[in-house]
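Analysis of the macromolecular model
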Amino acid sequence: APDGTVVIAEHQTAGRGRMMREWESTEGQGIWMTVIIRPDVAPHQAPQFTLVTAVAIVEAMKSSFKNFTPEIKWPNDILINGKKTTGILTEMVAEADRIQALLIGIGINVNQKIDDFPEQLQTIATSIAIEEGEPIERVHFVANVLESLEKYSDEYVKNGFGQIKQLWEQSSGTIGKRVKATTLREVVEGEAVSITESGVLEIRQANGEIKGIYSADIELLP
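What this report covers is the structure whose coordinates are included nearby. Because the structure is a prediction, the values reported are computed rather than measured.

Residues of strand β4 (residues 77-80) alternate between two faces, with D77 and L79 on one and I78 and I80 on the opposite face, all of them buried. Relative to β4, strand β3 (residues 70-73) runs antiparallel, the two sharing four bridges. Considered in β4, the bridge of K73 is made with D77. Connecting the antiparallel pair β3 and β4 is a turn made up of three residues. Two successive antiparallel strands, β4 and strand β5 (residues 83-94), enclose a turn made up of two residues, where N81 displays a positive phi of approximately 50°.

In structure tokens form, the structure reads like this:
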């Protein structure tokens, strides 16, 4: 498939998120799509495209809607008023020294009412329409998201992570908060203080030590 191909569905029968978790994709109510890009970057830069995509979606939301302020939860969720509305899953096809393709999976809850979510999700998930207070024209918002994704992907490839890192931190709902990060090997608690140029989350533990987290489930602590 050529660079920039978009695969979009009205419904998914096997939608999934990180760590193979099920993703609930109500038919006709959300945006369920994968964008295929072929950036000229090294394989170790692939994880940053999750952060680039998060910035792109947040900026598209800010320019499209007026009644809420989205926040990014590291590494791949976008929250509105503390509830999840968007998930991002980036997968890579690569050789040892170059990326052949990145598949950026994007799931956005758009027009669901609260009763459209399974009961176990109703306290932790929301949709743009619920938060904006009116139905959303999905096709226009898809166009805004794709335009924004192209803009910030090009910015990253041409100029690096600097500007995008600033925008990410400005929209972060994680930085400055006490968090618990559960990785495959350990649990780390402390204050999320920053992300690095490579997108690693830095947590300051109680003993003052800074721990870099490459991949984890993040829980915000009181």
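Here we take up the sheet that holds strand β11 (residues 217-220). The five strands are arranged β10-β9-β8-β7-β11 in an open sheet whose pairing can be described as antiparallel. Both edges of this open sheet fall to β10 (210-213) and β11, since each of them pairs with a single strand only. Here the average twist between neighbouring strands, direction ignored, is 45°. As defined by bridge partners, strand β7 (residues 178-182) adjoins strand β8 (residues 187-195) across five bridges and the pair is classed as antiparallel. Bridge pairing links R178 to E191 in β8.

Across the sheet, which stays open at both edges, the six strands sit in the order β1-β2-β6-β5-β4-β3 with antiparallel pairing between neighbours. The open sheet has two edge strands with one neighbour each: β1 (5-9) and β3. The mean angle between the axes of side-by-side strands here comes to 20°, regardless of whether they run parallel or antiparallel. Where strand β2 (residues 30-37) lies against strand β6 (residues 99-109), eight bridges are found, and the strand directions are antiparallel. By the bridge assignment for β6, G30 is matched with N109. Here helix α1 (residues 48-64) sits on the sheet and contacts β2, β3, β4, β5 and β6; the angle it forms with β5, its principal contact strand, is near 140°. Helix α3 (residues 138-159) rests against β1, β2 and β6 of the sheet, and its axis sits at about 30° to β2.

Once that is clear, we can look at the environment of R178. Within the secondary structure, R178 sits in strand β7. Through-space distance from the C-alpha of R178 to that of V193 is 9.2 Å; in sequence the pair is 15 residues apart. The contacts of R178, once residues within four sequence positions are left out, are E189, G190, E191, E219, L220, L221 and P222. A polar atom in the side chain of R178 sits 3.3 Å from the backbone oxygen of P222.

Glancing now at the nonpolar core. M61, W74, I108, I128 and F141 are the most contacted members of the largest nonpolar core, which has 52 residues in total. Excluding its chain neighbours within four sequence positions, the residues that come into contact with I128 are M61, F65, F68, I80, T85, I108, N109, V110, G133, I136 and F141.

Right, let's get into a negative patch on the surface. Side chains of D3, E147, E150 and D154 sit close together on the surface and give a patch of like negative charge. Topologically, D154 is positioned in helix α3.

Rules behind the numbers
Residues numbered from 1 in each chain as written. Predicted model: local features only at pLDDT ≥ 70, side-chain atom pairs only at ≥ 80, totals over all residues. Heavy atoms only, no water. Buried < 20%, exposed > 50% of the residue type's maximum accessible area, 1.4 Å probe, protein only. Helix = DSSP H or I, 4+ residues; strand = E, 2+ residues; numbered from the N terminus. Pairing = 2+ DSSP bridges. Axes fitted to C-alpha atoms, helices over the stretch in contact; angles between N-to-C directions. Contact = heavy atoms within 4.5 Å. Polar contact = N/O pair within 3.5 Å; in protein donor to acceptor, adjacent residues only side chain to side chain. Core = buried A, V, L, I, M, F, W, Y, C linked by side-chain atoms within 4.5 Å. Patch = residues over 30% accessible without salt bridge, like charges linked within 9 Å, V, L, I, M, F, W, Y side chains within 5 Å. Areas by Shrake-Rupley, 256 points an atom, 1.4 Å probe, with all protein chains shown as cover. Salt bridge = Lys/Arg side-chain N within 4 Å of Asp/Glu carboxyl O. Lys, Arg positive; Asp, Glu negative; His and termini not counted. Charge placed at Lys NZ, Arg CZ, Asp CG, Glu CD.

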